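Listed below are the residues making up each chain.
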Amino acid sequence: MARDEIKVYGPATVSNVGPGFDLLGFALESPGDELIVRRNGTSKLVLYNQTDSKLPTDPELNVAAVAAASLLRELHSNEGFDLVFTRKINPGSGVGSSAASCAAAVVGLNELLGSPYEIAELIPHAMEGEKVASGSTHADNIAPAMLGGITLIRGYDPLDIKHIPYPDDLWCAVIHPHLEIKTAESRKLIPQTVPLETALKQAGNLAGLVAGLTTGDYPLIGRSVSDLFAEPYRIHQLPDYKALKESALNAGSVGTGLSGSGPSVFSLCRGEEMASGVGEQMKKHFTVRGIESRVYISRISQAGCKII
Ligand code: HSE
C-alpha cells in the first residue's frame, strides 16, 4: 500500500576536506536534519517549521522546497506535499545544513512516489536547492548527504561521483563556534583564478589525500589536508584560526581545516579517543575567547539519508 507520510534523516556533512574545494565531502553520523514529507491533497508544497531555527516558509526561498519542486517538475507531477522540519542543523554552521534539508526532501519524496529514481539520480534536484542557499550548484555536501561515506566529485558535467574508501578507525571532531557565515557571502571572498603553482600544489594534495584515505596512510593524509584555494581567504572570519589549527594538530589531529565555508572546523583523527581530545582542545580555543561552541565527535557515516 502506498504510504502518505515518511520521516527522513539527512546527515550533516564536511565538505572541501582541505584540498577538495567543491569536490570532496563526507557524511557525519550526527548532527542531522529530520524532515517529515507527507501528501497534503493539494497541488502545493507547504512548509512547517517545528524547530528553533529560522527557516523561510516561502516555498520559493526554502531550499528543501526548491529541491522538491525540481523533482516534481521532472516527474510532471502536480501533487502537493507538506514538508515538516522536526530537527534542523543550525543554518550557516558550515556542516551542510542546506544540503541535509535538500537531500532529505528529495529522498523522502522519491520514496513516497514509489522510488522512480535511484538515490544518485536525485542529486541534481537536491543541487537546485543548494543553489538557492549558496548561489552555486556545488555538490560536495549534497553527494555525501545522499550517498554516505566520503565522496569525490570527479566531474560536474556530466556529474561523476565516486566513493573513496577510508580506514575503519578514521574519526572526525567538528567544532561549531556560534558564529554565522553565509556560504554565498563566503564564496565571494575567493579569487576566481589561481596561479599555476598554486593549482599544482592543490592537485598534489587532493591526489595525496585520496591516496592516503584509500591506503590508510595517516601521515600522507596529514600532509595533504591543506587548502590554498579557499581557506586563506576565509579564515579571517574566525578568531586566531592559525592558533586553533596548531592546537588541534598538537592535540593529535591528523589534519584540520575549515568545514565547507566555515565557521565549523573539522579535524580528522585516528580513533574516537583522539577525536574527543582534539574536540575538547578546539572547544577551549573558543571558550577562552568568549565564544560559545558545540563539538561533534563522529565516525564518517557509511549511510547518507535514512528513512526513519
Ligand atoms: N565547497 C563549498 C564552499 C561548500 O566551500 O563554498 C560550502 O557549502
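Definitions and cut-offs
Residues numbered from 1 in each chain as written. Predicted model: local features only at pLDDT ≥ 70, side-chain atom pairs only at ≥ 80, totals over all residues. Heavy atoms only, no water. Helix = DSSP H or I, 4+ residues; strand = E, 2+ residues; numbered from the N terminus. Rg over C-alpha atoms; globule rule 2.2 N^0.38 Å. Buried < 20%, exposed > 50% of the residue type's maximum accessible area, 1.4 Å probe, protein only. Contact = heavy atoms within 4.5 Å. Areas by Shrake-Rupley, 256 points an atom, 1.4 Å probe, with all protein chains shown as cover. Domains from an automatic or database assignment. Buried area = accessible area lost by both parts, 1.4 Å probe. Salt bridge = Lys/Arg side-chain N within 4 Å of Asp/Glu carboxyl O. Polar contact = N/O pair within 3.5 Å; in protein donor to acceptor, adjacent residues only side chain to side chain. Nonpolar A, V, L, I, M, F, W, Y, C, P; charged D, E, K, R; others polar. Near = heavy atom within 4 Å. Expected span 1.5 Å × (residues − 1). Pairing = 2+ DSSP bridges. Core = buried A, V, L, I, M, F, W, Y, C linked by side-chain atoms within 4.5 Å.

1. Considering the overall build of the protein
What the protein contains, in helices and strands, is ten helices and eleven strands. A compact globule built from 308 residues should have a C-alpha radius of gyration of about 19 Å, and the protein, at 19 Å, falls within 12% of that. In terms of overall dimensions, the protein has a C-alpha envelope of 55 × 40 × 35 Å along the principal axes. Looking at the protein residue by residue over its 308 residues, the buried ones come to 55%. Taking the intrachain contacts of the protein between residues at least 6 apart in sequence as the baseline, contacts between residues at least 24 apart amount to 74%. About 13,400 Å² of surface is accessible on the protein, with carbon and sulfur atoms providing 51% of the total.

2. Describing the environment of Lys188
As for its position among the elements, Lys188 is in the loop between helix 5 (183–187) and helix 6 (196–215). On the basis of relative accessibility, which here comes to 62%, the residue Lys188 falls in the exposed class. The spacing of Lys188 and Gly135 is 53 residues in sequence and 9.8 Å in space, taken between C-alpha atoms.

3. Quick word on the domain arrangement of the protein
One frequently used descriptor of interface size is the decrease in accessible area upon assembly of the parts. One can read the domain layout of the protein as domain 1 (5–164) and domain 2 (170–299). Taking only C-alpha atoms, the centre of domain 1 and the centre of domain 2 are 24 Å apart. Each partner contributes residues to the interface: domain 1 has 30 residues there, and domain 2 has 36 residues. Between domain 1 and domain 2 the total buried area reaches about 2,400 Å² when both faces are included, carbon and sulfur atoms providing 66% of it. Counting across the interface, domain 1 meets domain 2 through one salt bridge. We note a salt bridge from Arg187 to Asp22, for which the minimum N-O separation is 2.8 Å. Taken together, the links from domain 1 to domain 2 amount to nine residue pairs in polar contact (both at pLDDT 80 or more). Looking at the side of domain 1 that touches domain 2 element by element, the count peaks at eleven residues for strand 2 (residues 20–39). When grouped by side-chain class, the residues that make up the side of domain 1 that touches domain 2 number 15 nonpolar, 13 polar and two charged.

4. Quick look at the site of the ligand
Contacts to the ligand come from Ser15, Asn16, Phe21, Asp22, His138, Asp140, Asn141, Thr183, Arg187, Arg234, Gly260 and Ser261. Asp22 has a polar side-chain atom sitting 2.6 Å from a nitrogen atom of the ligand. A distance of 2.7 Å separates a nitrogen atom of the ligand from a polar side-chain atom of Asp140. Its free accessible area being 260 Å², the ligand has 95% of it covered by the protein chains. Those elements that place two or more of their residues in the shell around the ligand are strand 1 (5–16), strand 2 and helix 5. A class-by-class count of the residues in the shell around the ligand yields one nonpolar, seven polar and four charged. Here the shell around the ligand spans two domains, and each of domain 1 (5–164) and domain 2 (170–299) adds at least three residues to it.

5. With respect to the environment of Ser43
With respect to the helices and strands, the residue Ser43 is situated in the loop between strand 2 and strand 3 (45–49). In this structure Ser43 comes out as exposed when scored by relative accessible area, which is 52%. In sequence terms Ser43 and Ile175 are 132 residues apart; their C-alpha atoms lie 41 Å from each other. If near-sequence neighbours (up to four positions away) are discounted, Ser43 is found in contact with Asn78, Glu79 and Gly80.

6. Some thoughts on helix 2 (residues 97–112)
Taking 1.5 Å of rise per residue, 16 residues should cover 22 Å, and helix 2 covers 23 Å from first to last C-alpha, within 8% of that figure. With 15 of its 16 residues buried, helix 2 lies for the most part within the structure. At the C-terminal side of helix 2, Gly114 shows a positive phi close to 90°.

7. Some remarks on the pairing of strand 9 (residues 265–270)
Note on strand geometry: in a regular strand, side chains alternate between the two faces of the sheet. Within strand 9, five of the six residues are buried, leaving the element largely enclosed by the surrounding structure. As judged from the six bridges shared by strand 7 (residues 170–177) and strand 9, these two strands associate in the antiparallel manner. Bridging across to strand 9, Trp171 finds its partner in Cys269. Judged from the four bridges that link them, strand 8 (residues 255–258) and strand 9 form a sheet pairing that is antiparallel.

8. Section: the nonpolar core
Counting residues in hydrophobic clusters, the biggest one holds 38 residues, and the most contacted among them are Val37, Leu83, Ile142 and Met146. Of all the secondary structure elements, the ones that give two or more residues to this core are strand 1, strand 2, strand 3, helix 1 (63–74), strand 4 (81–87), helix 2, helix 3 (123–134) and helix 4 (142–147). Considering each element in turn, this core owes the most residues, nine residues, to helix 2. Discounting residues that sit within four places of it in the chain, Val37 has contacts with Asp4, Glu5, Ile6, Phe81, Asp82, Leu83, Ala105, Gly108, Leu109 and Leu112. Counting 28 residues, the second largest nonpolar core, distinct from the first, contains Ala100, Tyr166, Leu170 and Phe266.

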